[in-house]
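Architecture and fold: a report
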Amino acid sequence: MNTIAYGIKNCDTIKKMKHWLAAENIDYKFHDYRVDGIDLSLLETFEAALGWEAMVNKRGTTFRQLTAEQKANLNRETALQLMLEQPAMIKRPLLQHNNHYYLGFKPDQYQAIFLTK
């Protein structure tokens, strides 16, 4: 399997991504952070490819509920620890396709990833 989508199954953006992938008959594996878990090694792989700043879902409830001190002191180490403890803080979906990593879902973006030859 050369495509893995990471996220949380009840996320609206994940649902849109799954619908798009199904409509395009694209085979993929879905990894639900809450069901399948996440470890520091996987997070560090994502961070090396994407950068921790891009990975933090600042629009989500989990991030907004952080204290002002937590937000002010956010750095690579603290962000990875928070994402490990609260995977809902990771921007979704995180897509791994052919050893490349992508964040978020937009149909045009996925069109370019999967259907452009």
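Placed above this text is the structure.
Below: a short report on this structure.

How each quantity is defined
- Residues numbered from 1 in each chain as written.
- Predicted model: local features only at pLDDT ≥ 70, side-chain atom pairs only at ≥ 80, totals over all residues.
- Heavy atoms only, no water.
- Helix = DSSP H or I, 4+ residues; strand = E, 2+ residues; numbered from the N terminus.
- Rg over C-alpha atoms; globule rule 2.2 N^0.38 Å.
- Contact = heavy atoms within 4.5 Å.
- Areas by Shrake-Rupley, 256 points an atom, 1.4 Å probe, with all protein chains shown as cover.
- Axes fitted to C-alpha atoms, helices over the stretch in contact; angles between N-to-C directions.
- Parallel < 35°, antiparallel > 145°, perpendicular 65-115°, else oblique.
- Left-handed = near helix turned anticlockwise from the far one by under 90°.
- Nonpolar A, V, L, I, M, F, W, Y, C, P; charged D, E, K, R; others polar.
- Phe/Tyr/Trp six-rings, centres within 6.5 Å; stacked < 30°, edge-to-face > 60°.
- Lys NZ or Arg CZ within 6 Å of the ring centre and 35° of its normal.

Examining the overall build of the protein
Along the backbone of the protein there are eight helices and four strands. Counting from the amino terminus, helix and strand elements in the protein follow one another as β-α-β-α-α-α-α-α-α-β-β-α. In terms of overall dimensions, the protein is globule-like: its C-alpha atoms have a radius of gyration of 14 Å, near the 13 Å expected for 117 residues. In terms of principal-axis extent, the alpha carbons of the protein reach across some 45 × 25 × 25 Å. Restricting to contacts in the protein with at least 6 residues of sequence separation, those with at least 24 account for 64%. Total accessible area on the protein stands at roughly 6,900 Å², and carbon and sulfur atoms take up 46% of it.

Digging into the environment of K58
Mapped onto the fold, K58 is located in the loop between α4 (52-55) and α5 (61-64). As a C-alpha pair, K58 and A72 span 14 residues in sequence and 13 Å in three-dimensional space. Once residues within four sequence positions are removed from consideration, K58 is found in contact with F63 and R64.

As for the packing of helix α1 (residues 12-23) against helix α8 (residues 107-115)
Relative to each other, α1 and α8 sit at 40 degrees, their axes nearing to 11 Å. Classed by the angle they form, the pair α1 and α8 counts as oblique. Considering how the two elements wind past one another, α1 and α8 form a crossing that is right-handed. Residues M17, W20 and L21 of α1 form the contact with α8, whose own contacting residues are P107, Y110, Q111, F114 and L115. Classifying every residue of the contact of α1 with α8 by side-chain character gives seven nonpolar, one polar and no charged.

What about the packing of aromatic side chains?
Under the definition given, this model contains eight aromatic pairs. Here Y6 and F46 contribute two aromatic rings whose centre-to-centre distance is 4.8 Å and whose plane-to-plane angle is 70 degrees, an arrangement assigned as edge-to-face. Within this pair, whereas Y6 is found in strand β1 (residues 3-7), its partner F46 is found in helix α3 (residues 40-50), the two being separated by 40 residues in sequence. With centroids separated by 4.7 Å and ring planes inclined at 80 degrees, the aromatic side chains of F105 and Y110 adopt a geometry described as edge-to-face. Connected via pairs of aromatic rings, a cluster forms that spans Y6, Y33, F46 and Y101. Taking NZ or CZ as reference, K18 lies 4.1 Å from the ring centre of F30, over its face.

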